[in-house]
Amino acid sequence: MPLFRRKGPVVVRKGVGDDAVEERKIRKVGGSTVEIRKVTPRPEPEPEPAPPADRNGDRGAKTKSSSRRSGGSGTATKPRSGSRARTRDRRPRPRPRPQFEVITPPETDRKQMLVRTMPHQKQIVILEGPVLVEHYVARSDKQSLIGNVYLGKVRNVLPGMEAAFVDFGEGKNGVLYAGDIQYDPDEYGKRRPRIEKALSPGDDLLVQVVKDAMGHKGARLTNEISLAGRYLVLAPASDMKGISRRLPDDERERLRRVVSKIRPDGAGVIVRTAAAGASEEDLTADVARLAETWEVIQERAASASAPALLHEEPPLEIRVIREHLTKDFRRLLIDDKDTYERVTGYLNRTAPELASIVRQYEDELSLFERFHVEDQLRKALDRRVWLPSGGHVVIESTEALHVIDVNTGRFVGHSNLEETVLQNNLEAAEEIARQLRLRDIGGIIVIDFIDMEEAANRQAVLTRLKEHLAKDKTRTQVFDVSNLGLVEMTRKNVSDGLLETFSETCDKCEGRGILLHEEAATAGAPISRGKRAAEG
C-alpha cells in the first residue's frame with residue numbers, strides 16, 4: 001500500500017481584517033477595461049511618546065517612595081508589567097467633545113418671493129435669480145396645524161411606548177412622547193419621571209402641534225410651548241437660550257448682550273437669523289408681543305374645556321414672511337389685494353424697512369407663468385431630474401426613507417473617467433440640495449453618488465453638498481461617505497412634501513407602480529397583458 005505524505009497548509013492569501021484599505025484602479029488591458037483592487041492592512045498608529053521625567057516633580061517622588069518600599073536600597077524598582085498595567089490600559093478614555101462644523105452657504109442671486117392666491121389654495125414660491133428653490137401651499141381642504149396651541153385631554157397612556165395619545169379637537173388624536181412633557185423639578189426631582197406617573201387618562205394639559213398628521217400617523221405634540229415672532233422665539237416656563245449659528249460672531253455677541261437685558265423672568269429666548277441688524281427697540285417690541293400672546297393663551301386655558309383651540313398661527317403668507325423674508329430679497333409680488341393689504345400691515349408693524357419691497361402684481365399674464373414657475377413645478381413632480389452636463393438624478397421615496405441615485409446619463413466628459421465622474425457628482429450635489437428644499441423631502445435620505453477613486457474628490461463632493469444645504473432653514477445632518485460609497489443624511493420632516501400634496505395613491509396598484517398577476521402565480525392562469533393594461 002503506497003504511503004502518501006500529508007502536506008501542510010499553504011497560505012494562499014493573508015487576511016487583513018476589517019480595517020483594510022482598498023485601492024481601486026481602472027486600467028485598459030488589450031481592448032477591454034478592467035478594474036484592479038489592492039487590499040492592504042491599515043497602518044497601525046505610532047505609540048505616543050512618554051512625557052519627559054521631571055527630576056524635582058511628582059515622578060521623582062514616586063521613585064523615592066518605591067525605593068523605600070523595596071528596602072531603601074536607593075535604586076528604583078522596575079515598573080510591574082502584570083495585571084495592574086493591563087487594568088490601566090483597559091480604563092475607558094473620555095470621549096472627545098463633538099466639533100460643530102459651521103458651513104457657510106455660497107452667495108446666491110437676489111431672491112424674490114411670489115404669492116399666488118386662488119379660491120381653493122394659496123401658493124408661495126421663493127426664487128434665487130430665475131431658479132425655483134422653495135414652494136409652500138395652503139389648501140382649503142387641508143390646513144397645516146403646526147404651531148397651534150390647544151387645551152388637550154389625555155385619552156390613553158402607553159408606558160411601553162413612553163407616549164400618550166391626546167385628544168386636541170382635530171379628528172385623529174395626537175401623540176405626545178415622554179421627552180416632550182414639561183415637569184416640575186420640585187415635585188419629581190432632577191430625573192425625568194415615567195410617563196405613567198406624569199400623566200393619567202382624563203388629564204387636561206396644554207399642547208402644541210410640532211408635526212402635522214401624515215398617512216396613518218397622528219400629529220406630533222409637545223407640552224413645551226414656544227411662540228415664534230419676527231426676530232425671536234419665546235419659550236414660556238423654560239430656561240432655554242440660543243442664537244442662530246448663521247449669524248457672524250460679532251453679531252451673535254451683540255444680540256447676546258441685548259437679549260440678556262430684555263429676556264422676561266422665567267422664560268427662554270431663541271434669537272433667529274432675521275434678527276441680524278435689528279435694534280434693541282425692535283427686539284423689545286417682539287418680546288412684548290409674544291408675552292402678550294402667552295397671557296391670552298393662559299386666560300383662555302383657564303376658562304376653556306378640553307379639547308379647545310387656544311392659539312392659531314397666522315395665515316400661510318404671514319408665516320412664510322416671518323420665517324424667510326430678509327434684506328436679501330429684492331421684491332415680494334402678490335396677485336391678490338386682500339393678501340397684499342394683510343402682508344403690508346404685518347410688515348409695517350414688525351419690519352417697516354421691508355414694506356417698500358412689496359408690490360401688487362396686476363399684469364394680465366399670470367404671476368407664475370410670467371416667472372416660469374409652472375414649468376419648474378412640473379419638473380419637480382417628476383422622479384428624474386436632468387443635470388446641466390447631461391447626467392441625471394433619480395429620486396425614489398418610501399414612507400420614511402428616500403433614495404437618490406446619480407447617473408452620468410448622456411454626459412461622457414472630455415479628459416478622463418475620474419474627472420468626468422467628479423464633474424457629474426458636483427453638479428448632482430448642488431441639484432440634490434435644491435430638490436430637497438423644493439420638494440420638502442424629510443426623513444432618512446441615502447444618496448448614491450458615482451464611485452470615485454481619489455479621497456480628495458469624494459471630500460469635494462461632500463463639501464459641495466453641505467455648502468448648498470446650508471441655505472436650507474430646515475435642520476439637516478450629513479454623515480461621511482460610507483464604505484459602500486453612499487452618503488447618508490437626515491432632514492427634519494414636519495409636513496407632507498410637494499409630491500404628497502399634489503398626488504394620490506393609484507387605486508389599481510396601490511402605489512407600487514406595477515400591476516400584479518396574482519392568478520398567474522397562484523393558480524397558473526395565463527397572463528392577459530393587453531386586458532390588464534387597458535384596465536389600468
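Throughout, residues of each chain are indexed from 1 in the direction in which the sequence is written. Totals for whole chains, interfaces and linings use all residues, but because this is a predicted model, local features are given only for residues with pLDDT of at least 70 and pairs of side-chain atoms are given and counted only at 80 or more. Just so you know, side-chain values use all the structure's heavy atoms and leave hydrogens and water out.

Asker: Just give me the short version of the overall build of the chain, but keep the residues and values in it.
Answerer: Elements are defined by DSSP. Helices are runs of H or I of four residues or more, strands are runs of E of two residues or more, and each kind is numbered from the N terminus. On a plain count of helices and strands, the chain comes out with 15 helices and 23 strands. A total of 536 residues make up the chain; the buried ones form 36% of that total. Carbon together with sulfur atoms contributes 49% to the accessible area of the chain, which is approximately 35,000 Å² in total. Each residue gets one of three labels from its accessible area relative to the maximum for its type: buried under 20%, exposed over 50%, partly exposed in between, using a 1.4 Å probe on protein chains only. For every accessible area listed, the method is Shrake-Rupley and the probe measures 1.4 Å; residues are considered covered only by the protein chains on display.

Asker: Would you mind going over empty space enclosed by the protein in detail, with residue names and values included?
Answerer: Space left empty within the atom packing is revealed by a probe, the size of a water molecule, rolled over the atoms. Lining residues are those with an atom within 4 Å of a point, where the points come from a 1 Å grid over the protein atoms alone and group into cavities, where a 1.4 Å probe fits but cannot get out, or pockets, open sets with protein on both sides within 12 Å along at least five of seven lines. Grid points are joined across faces, edges and corners, and a volume is the space filled by probe spheres set on the points. Scanning the entire structure with this criterion turns up one cavity of 30 Å³ or more. Space inside the largest cavity adds up to approximately 40 Å³. Around the largest cavity, the lining residues are Ala178, Ile181, Tyr183, Arg192, Pro193, Ile195 and Ala198. Three classes are used: nonpolar for Ala, Val, Leu, Ile, Met, Phe, Trp, Tyr, Cys and Pro, charged for Asp, Glu, Lys and Arg, and polar for all others, with Gly counted as polar. Of the residues belonging to the lining of the largest cavity, the class tally is six nonpolar, no polar and one charged.

Asker: Just give me the short version of unusual backbone geometry, but keep the residues and values in it.
Answerer: A cis geometry characterises the amide bond from Ala306 onward to Pro307, with omega recorded as -5°. For Pro307, the position within the fold is in the loop between α6 (280-303) and β15 (308-311). With a phi close to 55°, Ala237 is a non-glycine residue in the positive phi region. Within the secondary structure, Ala237 is located in the loop between β12 (232-236) and β13 (241-243). Although it is not a glycine, Asp440 adopts a positive phi angle of roughly 55°. One can find Asp440 in the loop between α11 (417-439) and β21 (443-448). We classify Asp440 as partly exposed; its relative accessible area is 22%.

Asker: Account for the sheet that holds strand β11 (residues 227-228), naming residues and giving values.
Answerer: Think of it this way: DSSP has to see at least two bridges between two strands before they count as a pair. The sheet built from four strands is open, its strands ordered β11-β12-β14-β13 with mixed pairing. Of all the strands in the sheet, the pair left with one neighbour each is β11 and β13. In this structure, β11 lies alongside β12, joined through two bridges in antiparallel fashion. When the sheet's bridge partners are listed, Ala228 is paired in β12 with Val233. The criterion used for residue contact is that any of the two residues' heavy atoms lie within 4.5 Å. Note on definitions: angles span 0 to 180 degrees between N-to-C directions of axes, and those axes are lines fitted to C-alpha atoms, for helices only across the stretch in contact. Across the sheet, α6 lies against β11 and β12, angled at about 35° from β12, the strand it touches most.

Asker: Please set out a nonpolar patch on the surface residue by residue, giving values where relevant.
Answerer: Together, Leu381, Leu499 and Phe502 give the surface a local cluster of nonpolar side chains, amounting to about 240 Å² of exposed area. Phe502 gets classed as partly exposed once you look at its relative accessible area, which sits at 33%. Only residues above 30% relative accessible area that lack a salt bridge enter a patch, with like-charged residues linked at up to 9 Å and the nonpolar side chains Val, Leu, Ile, Met, Phe, Trp and Tyr linked at up to 5 Å. We count a salt bridge whenever a side-chain nitrogen from Lys or Arg sits within 4 Å of a carboxyl oxygen from Asp or Glu.

Asker: Explain the confidence of the model for the chain residue by residue, including any values.
Answerer: Confidence of the predictor at the level of single residues is given by pLDDT, which spans 0 to 100. On average, residues of the chain score 82 in pLDDT, and 78% of them reach the 70 mark or higher. Considering only residues more than four positions removed or in separate chains, one finds that residues 53-88, a stretch of pLDDT under 50, has 15 contacts. Ignoring residues within four places in sequence, the model shows residues 95-100, a span with pLDDT below 50, making one contact including any to other chains.

Asker: Give a detailed account of the pairing of strand β5 (residues 131-139), specifying residues and quantitative values.
Answerer: Relative to β5, strand β4 (residues 121-128) is paired through eight bridges, and the arrangement is antiparallel. Within the sheet, the bridge partner assigned to Lys122 lies in β5 and is Ala138. The hairpin formed by β4 and β5 contains two residues between the paired strands, and Gly129 there has a positive phi angle of roughly 70°.

Asker: Please provide a residue-by-residue account of the packing of aromatic side chains, values included.
Answerer: Centres within 6.5 Å are what make two rings of Phe, Tyr or Trp a pair, Trp counting through its six-membered ring; a difference in plane orientation under 30 degrees is then read as stacked, over 60 as edge-to-face, and the rest as tilted. This structure, assessed with the given rule, holds one aromatic pair. Pairing Tyr150 with Phe168 gives two aromatic rings, centres 5.0 Å apart and planes at 70°, and the pair type is edge-to-face. In this pair, Tyr150 sits in strand β6 (residues 149-158) while Phe168 sits in the loop between β7 (163-167) and β8 (174-177), placing the two residues 18 residues apart along the sequence.

Asker: Please set out the side chain of Asp167 residue by residue, giving values where relevant.
Answerer: Structurally, Asp167 is set in strand β7. In terms of polar contacts, Asp167 uses its side chain to reach the backbone amide nitrogen of Gly169, at 3.1 Å. Under this definition, polar contacts are N or O atom pairs within 3.5 Å; protein pairs additionally need one hydrogen-donor-capable and one acceptor-capable atom, and for neighbouring residues in sequence, both atoms have to be side-chain atoms.

Asker: Residue-level account of the sheet that holds strand β20 (residues 401-407), with values.
Answerer: Across the sheet, six strands lie side by side as β18-β19-β20-β21-β23-β22; this open sheet has mixed pairing. The open sheet is flanked by β18 (384-386) and β22 (476-481), the only strands paired with a single partner. Direction aside, neighbouring strands of the sheet carry axes that sit 20° apart on average. Bridge analysis of β22 against strand β23 (residues 486-491) gives four bridges, and the strand direction is antiparallel. Residue pairing across strands places Val481 opposite Val487, the latter belonging to β23. Strands β18, β19 (392-397), β20, β21 and β23 of the sheet are contacted by α11, whose axis makes an angle of about 150° with β20. On top of the sheet, helix α12 (residues 455-469) reaches β21, β22 and β23; it is set at about 175° to β22, its chief contact.

Asker: Summarise the environment of Leu145; cite the residues concerned and give the values.
Answerer: If you trace the backbone, Leu145 turns up in the loop between β5 and β6. Overall, the relative accessible area of 18% leaves Leu145 in the buried class. Each C-alpha atom, one on Leu145 and one on Ala213, is 8.9 Å from the other, the two residues being 68 residues apart in sequence. Setting aside its immediate chain neighbours within four residues, Leu145 contacts Tyr150, Phe168, Glu170, Val209 and Asp212.

Asker: Give me the lowdown on the pattern of salt bridges, citing residues and values where you can.
Answerer: What the rule picks out here adds up to 26 salt bridges. A salt bridge links Arg194 to Glu196; its shortest N-O distance comes to 2.5 Å. Using a relative accessible area of 44% as the deciding quantity, one classes Arg194 as partly exposed. Judged by relative accessible area, which is 31%, Glu196 ranks as partly exposed. The closest approach of N and O atoms between Asp363 and Arg370, which form a salt bridge, is 2.7 Å. The class of Asp363 is partly exposed, set by a relative accessible area of 44%. Note on Arg370: relative accessible area 42%, which makes it partly exposed. What emerges from the salt-bridge pattern is a single network uniting Glu128, Glu134, Arg437 and Lys471.

Asker: An account of the pairing of strand β3 (residues 111-117) is needed here, citing residue identities and associated values.
Answerer: Along β3, six of the seven residues are buried, which leaves the element largely enclosed by surrounding structure. Relative to β4, β3 is paired through seven bridges, and the arrangement is antiparallel. Within β4, the position partnered with Lys111 by the bridge is Glu128. Where β3 folds back on β4, the antiparallel hairpin that results is connected by three residues. Bridging between β3 and strand β16 (residues 329-334) involves five bridges; their strand directions are parallel. Following the sheet pairing, Leu114 is matched in β16 by Leu333.

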